[in-house]
Structure formats: structure tokens, C-alpha cells
Amino acid sequence: MEIDASSVVLTSDALTLEKESDLFFHTYSRLPLAIEKGKGAYLYTKSGEKYLDMIAGIGVNALGYGNPKIIKAITDQTKKYIHTSNLFLLEPQFRLADKLIELTGLSKVFFSNSGAEANDGAIKLARKWATQFSPIKSDHKTEVLSLTNGFHGRTYGALTLTPKAKYHEGFYPLLPSTGTIQFNDGEDLRAKVSDKTAAVFVEFVQGEGGICALQKSFVELLFELSVKHHFLIVADEVQAGCGRTGDFFSYMNFGVTPDIVTAAKPLGGGLPLGAIIGGKRVEEAFTKGSHGTTFGGNPVAAAAGLALIEEMLEKNLMTQAKEVGAYFKWKLDEMRRNHLQITAIRQIGLMIGISVSRDASYYVQKALKQGLIINATNTNVIRLLPPLIISKKEVDQAVKILDKIFKGEWLEGLTESAK
Ligand code: PLP
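The rules we used
Residues numbered from 1 in each chain as written. Predicted model: local features only at pLDDT ≥ 70, side-chain atom pairs only at ≥ 80, totals over all residues. Heavy atoms only, no water. Near = heavy atom within 4 Å. Polar contact = N/O pair within 3.5 Å; in protein donor to acceptor, adjacent residues only side chain to side chain. Areas by Shrake-Rupley, 256 points an atom, 1.4 Å probe, with all protein chains shown as cover. Helix = DSSP H or I, 4+ residues; strand = E, 2+ residues; numbered from the N terminus. Nonpolar A, V, L, I, M, F, W, Y, C, P; charged D, E, K, R; others polar. Salt bridge = Lys/Arg side-chain N within 4 Å of Asp/Glu carboxyl O. Buried < 20%, exposed > 50% of the residue type's maximum accessible area, 1.4 Å probe, protein only. Pairing = 2+ DSSP bridges. Axes fitted to C-alpha atoms, helices over the stretch in contact; angles between N-to-C directions. Contact = heavy atoms within 4.5 Å. Lys, Arg positive; Asp, Glu negative; His and termini not counted.

1. Re the site of the ligand
The immediate surroundings of the ligand are formed by Ser114, Gly115, Ala116, Asn119, Phe151, His152, Gly153, Glu203, Asp236, Val238, Gln239 and Lys265. Contact distances for the ligand include 2.8 Å between an oxygen atom and a backbone N or O atom of Ala116. Against a free-state accessible area of 390 Å², the protein chains account for coverage of 81% of the ligand. When residues in the shell around the ligand are grouped by element, the largest group, 3 residues, is from helix H5 (residues 115-132). The residue makeup of the shell around the ligand, split by class, is 3 nonpolar, 6 polar and 3 charged.

In C-alpha cells form, the structure reads like this:
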């Protein structure tokens, strides 16, 4: 199927990139697709084109589009009440918090609206604990560290912990008493942490960083040092969490339990919802008035999130993510043999990164013309975060299209050099 991307740019009712540029701050590089609806793993444009969606709302739509259980949960809750604020006892929040505690073995939950908000809240929680509740209890125990190539969000705290120069440009001064440790570098970790460290934020599997997992030895050292220096370990599970890697949270594959876990993306079943989940060490650190939000833990989002988790558990979707992810990797490895442009393929469950030898956004545009939605991250990584319901047939379809694009690129190169 050859699709001319320009044909799906609507001019009639002004859903165009030009109009977008007029209306909005220029923060996003949007695809020129005017979306009409989604079903399963597919998106449909207003002009009727069908796209296989391998990014699923940037890792949000774990059950794909139009899941009946999520729709029912949203509809039922909406009829009861949409918003009341956190002044009241709200059943959907209670049920979801209960489920998260059951799944993690941690003990306290705070609901936010997004991943960045959850991380900013976790920075506050870590500093409050470190200065007032840790065995060291010092005003100087405020340092919050994170890893190179990590991504934690765009609010000031989360942005500070996201050590990418491009994202920081123009926004100084950032949050003080922060620092960066080289990813998977044990020596650097040893050198950077001290009794002044309040917390180290990590993604056990970095998403935006190109689908890169922590090494077990690094994780072991991190936990060892956290005991020595009395600091907290915060697992940012915003992208890798909620089943995507085949475990409910990606840290679970490492046989460890962090002190704080942050989650978002799929957590609200497609509605905005984030969470800070804390263990025993921190459970008394937040006190009345320490933190708060008007919308966080919105009951409709919480009801949708609960439906998502129930469906995921009932349908064994985490096991499926592992199996289909392994199948995806096998097919990609097979394809890779013919394409020297691919330098590495990394896969954990249904988090997949294909490193390529040029700017990966080239492939995003090419794939779009073939009816496939993929994403580029960390400059030269093609990122795939398909819904967990993806079938092997849909995997075959995606690999076939990618193979065609890589072949076409080679032919394009020949044509160019013949000129
Ligand atoms: N943390 C990680 C690991 C993420 O991947 C993201 C978003 O991509 C965030 C935090 C920020 O989440 P949000 O966009 O919901 O603020």
C-alpha cells in the first residue's frame, strides 16, 4: 500500500501543519495525519487511510484503541461523577491504589496527572525523607542524581534530572543540588554518591534514551551504595512500566524493590494519570499539606486504569508482551542480516529500539507513506512501543514494511551515486 502522506493533510477543514503552526507554540513535530478514530492497533485518518500504530500514543495505549472494558469503566464512572477533588473518599482511587500496592509490595500511593508531575513529587518526597527522616537527617542531604540519557519529563525538577543539553537550553537556572551519573558506569556511580545524596533516579529500561537496560551489576552496586550512604532509589517506570516489558514494572526483572516508583502513561487507560508509589522507608515523609493536586487521581482516569490492569491480568498480556516481543526481535534480527544500516536491535518485552546509522526520523517519514507509524528517539534509534495486544500477524506486517524501506534506502543510495 503506497500512501501519499500529503494526501491526508486536510486543507478543507484546516487540520493542517500550517494551521497547527499558527495556533500552537512550536513545541511538537507532528505527523501530518488528521486522526478520525482508532481500533485495536490501527489508527484511521479523516480521509480513510489506515495506519498500523507501533507507538501507541507514546506507550500509553497498552490495550490498543477502543478497548470495551476501558470504555465501559469510563462511561460508568462518568455517569456517577467526573470530578470532586481530593477532598473526598473516592472509590476508583482506593481500588487502583490497592491494586498498585498489591502488585508492588510497596505501601503508599500519591496520584498525579502525568509522569513529569509524579517525578517532581518524588523529588520532593525524597528530599523531605532525606532531610527529616533518614538516619543522617541533614539540611545538606538534598542531592538528587540521575543517569545520562535518562528522560524524566519537562517540569523543572524532572527536566533537571533529564541531562540532555538540548532540553535545558534557555531554561537555566535549573534545580540546584542535582547531578548526573554515567549510565551503567559503576566507577562513576561510586564517585558521585555520598552521604549528601538523597536519591538516585533511574529508568531500569531507558525509553527515550533508545531502549537501553541497566546492567545487573550496576543495579547491585546501586543498592549496595544506597545502604551505605542512606539514599533512596527511585525507579521511573513511566515508560517501561504497566506491563510493557513483560513484568508489571521493569525493575521486577532485576529482583530488587526500589524505595519509590513513579508511573504514568498507560496507568490511566489513556486518560491523564500518574502515581508516586512509596515503600516503608518513606511512608511517613509526606505529611498533610506536603504535596497536593486538584486533578491528580481523577476518578474517571482511576476507573479506566483499574480496568486496564484487570484486563491485562485476565488476558495474560504481560506474558504475551514477552512472547510477541521475542518474536518481533527474531523477525527483526532475520531482516537485519540484509541491511547494514541497522547497527543494533534491542528488545525487552514490547519495548524495541532499532539503532540505525543515520537520523532515524528519515525512516519515520518513509514508514508513514507505507501505512506504518513508528517513532525516532535519541537521534538514531527507531523506537517501537506497540500496544500489548499486538498479534504476530501485525508484527509480520510491520517487519515487512520496515524491510521494504531499508531495501528502498539502499536503492535510493544507488540512484544517488549514479547521478
Ligand atoms: N519518565 C519517562 C521515563 C518518560 O518516558 C516520560 C515521557 O515520555 C516521562 C517521565 C514524562 O511523562 P509525561 O510526559 O507524562 O510528563
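Don't stop here, the text continues.
2. Describing the pattern of salt bridges
Counted by the stated rule, this structure contains 17 salt bridges. Where Lys99 meets Glu102, a salt bridge forms, and the shortest distance between an N and an O atom there is 3.7 Å. You can see Lys99 and its partner Glu102 sitting in helix H4 (residues 91-104), 3 residues apart, about one turn around the helix. Arg358 is paired through a salt bridge with Glu409; the nearest N and O atoms lie 2.8 Å apart. Of this pair, Arg358 sits in the loop between strand S14 (351-356) and helix H12 (361-369) while Glu409 is found in helix H13 (residues 392-418), placing the two residues 51 residues apart along the sequence. Given the relative accessible area of 33%, Arg358 is considered partly exposed. Among the residues examined, Glu409 registers a relative accessible area of 11% and is labelled buried.

3. So, the sheet that holds strand S4 (residues 108-112)
Taken in spatial order, the 7 strands of this open sheet run S4-S12-S11-S10-S7-S5-S6, and their pairing is mixed. Sheet topology places S4 and strand S6 (178-181) at the edges, where each strand pairs with a single neighbour. When strand polarity is set aside, the average angle formed by the axes of neighbouring strands in this sheet is 20°. With 4 bridges joining them, strand S7 (residues 197-202) and strand S10 (residues 232-236) adopt parallel strand pairing. Within S10, the residue paired with Val200 across the bridge is Ile233. Against the sheet, H4 contacts S4 and strand S12 (274-278), and its axis sits at roughly 125° relative to S4.

4. Regarding the side chain of Arg383
If you trace the backbone, Arg383 turns up in strand S17 (residues 381-384). Among buried Asp, Glu, Lys and Arg side chains, Arg383 stands out as unpaired, with Glu208 the closest opposite charge at 4.1 Å. Side-chain polar atoms of Arg383 contact the side chain of Gln239, separated by 2.9 Å.

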